[in-house]
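# Per-entry structural report
Here is how the chains run, residue by residue.
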Amino acid sequence: ETGVTQTPRHLVMGMTNKKSLKCEQHLGHNAMYWYKQSAKKPLELMFVYSLEERVENNSVPSRFSPECPNSSHLFLHLHTLQPEDSALYLCASSQVGGDPQETQYFGPGTRLLVL
Amino acid sequence: TQLLEQSPQFLSIQEGENLTVYCNSSSVFSSLQWYRQEPGEGPVLLVTVVTGGEVKKLKRLTFQFGDARKDSSLHITAAQPGDTGLYLCAGSYYDSWGKLQFGAGTQVVVTP
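Reading the values: the criteria
Residues numbered from 1 in each chain as written. Chains lettered and ligands numbered in written order. Predicted model: local features only at pLDDT ≥ 70, side-chain atom pairs only at ≥ 80, totals over all residues. Heavy atoms only, no water. Helix = DSSP H or I, 4+ residues; strand = E, 2+ residues; numbered from the N terminus. Rg over C-alpha atoms; globule rule 2.2 N^0.38 Å. Buried < 20%, exposed > 50% of the residue type's maximum accessible area, 1.4 Å probe, protein only. Contact = heavy atoms within 4.5 Å. Lys, Arg positive; Asp, Glu negative; His and termini not counted. Charge placed at Lys NZ, Arg CZ, Asp CG, Glu CD. Patch = residues over 30% accessible without salt bridge, like charges linked within 9 Å, V, L, I, M, F, W, Y side chains within 5 Å. Areas by Shrake-Rupley, 256 points an atom, 1.4 Å probe, with all protein chains shown as cover. Salt bridge = Lys/Arg side-chain N within 4 Å of Asp/Glu carboxyl O. Buried area = accessible area lost by both parts, 1.4 Å probe. Polar contact = N/O pair within 3.5 Å; in protein donor to acceptor, adjacent residues only side chain to side chain. Core = buried A, V, L, I, M, F, W, Y, C linked by side-chain atoms within 4.5 Å. Pairing = 2+ DSSP bridges. Axes fitted to C-alpha atoms, helices over the stretch in contact; angles between N-to-C directions.

The next subject is the overall build of chain A. Assigned secondary structure in chain A consists of zero helices and 11 strands. Reading the secondary structure of chain A in the N-to-C direction produces β-β-β-β-β-β-β-β-β-β-β. On C-alpha atoms alone, chain A measures out to a radius of gyration of 14 Å, which is about the 13 Å that the 2.2 N^0.38 rule sets for 115 residues. The buried share among the 115 residues of chain A stands at 48%.

Right, dumping it as structure tokens:
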């Protein structure tokens, strides 16, 4: 138990569906991240939020839309996805500025399959 | 974009053997972290190294950070089946504001 939870753990959706992934951190951190993990590829950083403001968007297609309503919650809204978007989506949190090692703590991920 | 290379990509050994995983970059890290990820789970932090030449031990795991802070290694002594997993290194670079660059990982399989 890392203190970061994600729901759902598994999701199957069609290309015309709209769904949302949820992440919650119970660590009191001030930064949250979305990563995409595909087979045999490095984790790809998608979005970074610090103090509820988006500070990074790594050229992610607009069919992925993040939302951070407060410092403990992070959402990833999905619409009109493509089969190549099938992957494990990981959420992480960290304390930027307070922890010199800036350790990131990961949730268990959402395994997404787009049909 | 800084590249962080891990080798080997895959390692299969028998219980009781030793193994070493490597992580290299052309850029200098401000710190480097090692994670282990098991199927269906997110990565779990094993250790963070921050000082060039640093060596850290975690039971049967030994982590080294190169003097030049561009490379690191993870050595497991007398591997056990519970060591099976995907080992990821992740580097933090100066002025990267907490962002991590991940390697592609080394899949380790330890058979009884």
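And the narrative resumes.
Here we take up the overall build of chain B. Helix and strand counts for chain B come out as zero helices and 11 strands. The helix and strand sequence of chain B, counted from the amino end, reads β-β-β-β-β-β-β-β-β-β-β. Relative to its length of 112 residues, chain B is compact, with a C-alpha radius of gyration of 13 Å against a globular reference of 13 Å. Its C-alpha atoms put chain B at 45 × 30 × 20 Å along the principal axes. Counting contacts in chain B only where the partners sit at least 6 residues apart, residues at least 24 apart contribute 55% of the total. Counting 8 positive and 10 negative side-chain charges, chain B places the averaged centre of each group 6 Å from the other.

A separate point is a nonpolar patch on the surface. Together, A:Val12, A:Leu113 and A:Leu115 make up a nonpolar patch on the protein surface, roughly 290 Å² of accessible area in all. Looking at the secondary structure, you find A:Val12 in strand E2 (residues 10-13).

Moving on, we get to the interface of chain B and chain A. Counting residues at the interface gives 21 residues for chain B, matched by 24 residues for chain A. Taken together, both faces of the contact between chain B and chain A bury some 1700 Å²; the carbon and sulfur share is 58%. The closest approach of N and O atoms between A:Arg9 and B:Glu41, which form a salt bridge, is 3.7 Å. Between chain B and chain A we count four residue pairs in polar contact (both at pLDDT 80 or more) in total. Only strand E4 (31-37), strand E5 (44-49) and strand E9 (85-92) of chain B provide two or more residues apiece to the side of chain B that touches chain A. Ranked by the residues each element gives to the side of chain B that touches chain A, the list is headed by E4(B), at four residues.

Here we come to the nonpolar core. Formed by 23 residues in total, the largest nonpolar core has its most connected members in B:Leu19, B:Leu32, B:Trp34, B:Phe63, B:Leu74, B:Ile76 and B:Val108. Looking at this core, the elements that each hand over two or more residues are strand E2 (10-14), strand E3 (19-25), E4, E5, strand E7 (61-65), strand E8 (71-76), E9 and strand E11 (106-111) of chain B. Beyond its immediate stretch of four places on either side in the chain, B:Leu19 contacts B:Leu11, B:Ile13, B:Leu74, B:His75, B:Ile76, B:Ala79 and B:Val108. Residues A:Met46, A:Phe47, A:Tyr89 and A:Leu112 belong to the second largest nonpolar core, which totals 22 residues.

The next point concerns the sheet that holds strand E7 (residues 64-70) of chain A. All names here are of chain A. Reading across the sheet, the four strands line up as E1-E3-E8-E7 and stay open at both edges, with antiparallel pairing between neighbours. Of all strands in the sheet, those with a lone pairing partner are strand E1 (4-7) and E7, marking the two edges. Pairwise comparison of adjacent strand axes, ignoring direction, gives a mean angle of 20° for this sheet. Sheet topology places E7 next to strand E8 (residues 73-79); five bridges connect them, and they run antiparallel. Opposite Pro66, over in E8, you have Leu76 as the bridge partner.

All names here are of chain B. With respect to the secondary-structure elements, Ser73 resides in strand E8. The class for Ser73 is buried, based on a relative accessible area of 11%. Once you skip the residues sitting within four places of it in the chain, Ser73 turns out to touch Thr20, Val21, Tyr22, Trp34, Thr62, Phe63 and Gln64.

This paragraph deals with the environment of B:Gly53. Residue and element names in this part refer to chain B. Mapped onto the secondary structure, Gly53 falls in the loop between E5 and strand E6 (55-58). Relative accessible area serves as the criterion here: at 34%, Gly53 is assigned to the partly exposed category. Once the C-alpha coordinates of Gly53 and Asp71 are considered, the two residues, 18 residues apart in sequence, prove to be 10.0 Å apart. If near-sequence neighbours (up to four positions away) are discounted, Gly53 is found in contact with Phe65, Gly66 and Asp67.

Read these as layout, nothing more, since geometry by itself doesn't imply function.
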